[in-house]
Amino acid sequence: MKLIIDTDAGVDDAQAIMLALAHPGVETLAITTLTGNVHIRQVNPNVLTILEIMGRDAPVYAGIDRPLISEWEDAAEFHGGDGLGNLRERPALTRRIEDEHAVLALLRLAREHEGELTLIALGPLTNIAAAVRIDPAFPGRIKQFVFMGGTIAAQGNTPIVSAEYNIWTDPEAAAITLAAFEEATMLSWETTMAHGFPWDQFNALCAIDTARGRFFRAISQETAERLRGVYRRPAYLLPDPLAMAITLRPQLIRQSGKFYTTVELNGRHTRGQTVIDYTGISGNAPNVNVIQALDTDGVYELFVNALSQE
């Protein structure tokens, strides 16, 4: 698999990137960054930190620093002010950001590896939408496009209660992107809520005594405390890692369906909500493979393998 990861490098992004960098047979051709969970000025060193911890090399390209139209609001409440759970000890960085802009890198790599690339978006879709606008042929050059975002039952996690954070942050970018790709795979917020790690599994991962395991524990603790204490969640949530897991191992998907999907841009109470035509009443061709259930135990195995490596 030739993989490009587009990320706003919060805690769950970091966990997802770790899965990709540890997975056999995956060549990460690029990691592109943008503002989302935290500002891109923090996202960039976060990605470089992950590469240091994993002992892996991949070119990192900085992208767009704000949504296309919307005012940006961070998610530091869940990811910490630095995006990595207020990580106290960071390794010295020996890698650097590339000079080429992320959007231009996406377009170049899509031409160089036409029909071969898997593109996974872990944050807002701003970079992807910009690539689409510059070159409308860009989506046709991508083999597979996966994104974490959206809602399938209007149960969101933003001030627009029916919208999920990544799509709500840049609804125009999401609408542009979904209109451009003939087929995408969507891992929604509600699917995340239904497929967390029970606390005993999470604690077992935190107990893995390797550099990777200790990093996982360090970046995850503040989020875990909030989920367990404030929100009384029965499990640790894994938005981006679940999206990465089904990308790396599609056999983990247990239930899915293809539906026409777009994004509401104007609703006072629904701006940023993903609108899914479950019945086909719109007459529009299905453009999104909506993941509804997956094998969480298989995802746990991916984490054990990734974190156990020295």
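Look up a bit, the structure's there.
Cut-offs used in this document
- Residues numbered from 1 in each chain as written.
- Predicted model: local features only at pLDDT ≥ 70, side-chain atom pairs only at ≥ 80, totals over all residues.
- Heavy atoms only, no water.
- Buried < 20%, exposed > 50% of the residue type's maximum accessible area, 1.4 Å probe, protein only.
- Helix = DSSP H or I, 4+ residues; strand = E, 2+ residues; numbered from the N terminus.
- Contact = heavy atoms within 4.5 Å.
- Pairing = 2+ DSSP bridges.
- Right-handed = clockwise from strand over helix to strand, strands pointing away.
- Core = buried A, V, L, I, M, F, W, Y, C linked by side-chain atoms within 4.5 Å.
- Patch = residues over 30% accessible without salt bridge, like charges linked within 9 Å, V, L, I, M, F, W, Y side chains within 5 Å.
- Areas by Shrake-Rupley, 256 points an atom, 1.4 Å probe, with all protein chains shown as cover.
- Salt bridge = Lys/Arg side-chain N within 4 Å of Asp/Glu carboxyl O.
- Axes fitted to C-alpha atoms, helices over the stretch in contact; angles between N-to-C directions.

Draft legend 1. Structural context of helix α5 (residues 126–134). Of all 9 residues in α5, 7 are buried; the element is thus mostly enclosed. Every buried residue of α5 is listed here: Thr126, Asn127, Ile128, Ala129, Ala130, Ala131 and Val132. Buried positions along α5 lie against β1 (2–7), β2 (27–33), α4 (102–112), β4 (117–121), β5 (142–148) and α7 (171–180).

Draft legend 2. Looking closely at the pairing of β4. In terms of burial, β4 is a largely internal element, 5 of the 5 residues being buried. The alternating pattern of β4 places Leu117, Leu119 and Ala121 on one face and Thr118 and Ile120 on the opposite face, and all of these are buried. With 5 bridges connecting them, β4 and β5 associate as parallel partners. Across the sheet, residue Ala121 finds its bridge partner in β5, namely Phe147. One crossover worth recording links β4 to the parallel β5 by way of α5, and it is right-handed.

Draft legend 3. Layout of the nonpolar core. In this structure, Ile5, Met244 and Phe303 are the most contacted members of the largest nonpolar core, which totals 60 residues. Per element, the largest residue contribution to this core is 9 residues, and it comes from helix α1 (residues 11–22). The next biggest cluster of nonpolar side chains, apart from the first, holds 39 residues, and it includes Leu29, Tyr61, Leu109 and Ala174.

Draft legend 4. Inspection of a nonpolar patch on the surface at higher detail. A cluster of nonpolar side chains, contributed by Phe78, Val230 and Tyr231, occupies part of the molecular surface with about 270 Å² of accessible area. Phe78 gets classed as partly exposed once you look at its relative accessible area, which sits at 32%.

Draft legend 5. Geometry of the side chain of Thr192. Mapped onto the fold, Thr192 is located in helix α8 (residues 189–193). The buried category is assigned to Thr192, whose relative accessible area is 0%. With residues up to four places along the chain from it excluded, the contact list for Thr192 reads Met148, Leu187, Leu237, Leu238, Pro239 and Leu242.

Draft legend 6. Structural detail: the environment of Val161. Locating Val161 in the fold gives a position in the loop between β5 and α6 (165–169). A relative accessible area of 61% means that Val161 is categorised as exposed. Residues Val161 and Arg96 lie 65 residues apart in sequence; the distance between their C-alpha atoms is 38 Å.

Draft legend 7. Here's a closer look at the sheet that holds strand β3 (residues 60–62). Within the open sheet, the 9 strands sit side by side as β3-β2-β1-β4-β5-β6-β11-β9-β10. Their pairing is mixed. Two strands close off the open sheet at either side, each with one partner strand: β3 and β10 (274–277). On average, adjacent strands in this sheet sit at an angle of 30° to one another, irrespective of strand direction. Sheet analysis places strand β9 (residues 253–263) next to strand β11 (residues 288–294), joined by 6 bridges and oriented antiparallel. Bridging from a neighbouring strand, Phe259 pairs with Val288 of β11. Where α7 meets the sheet, its contacts fall on β5, β9 and β11, and the angle it forms with β9 comes to roughly 105°.

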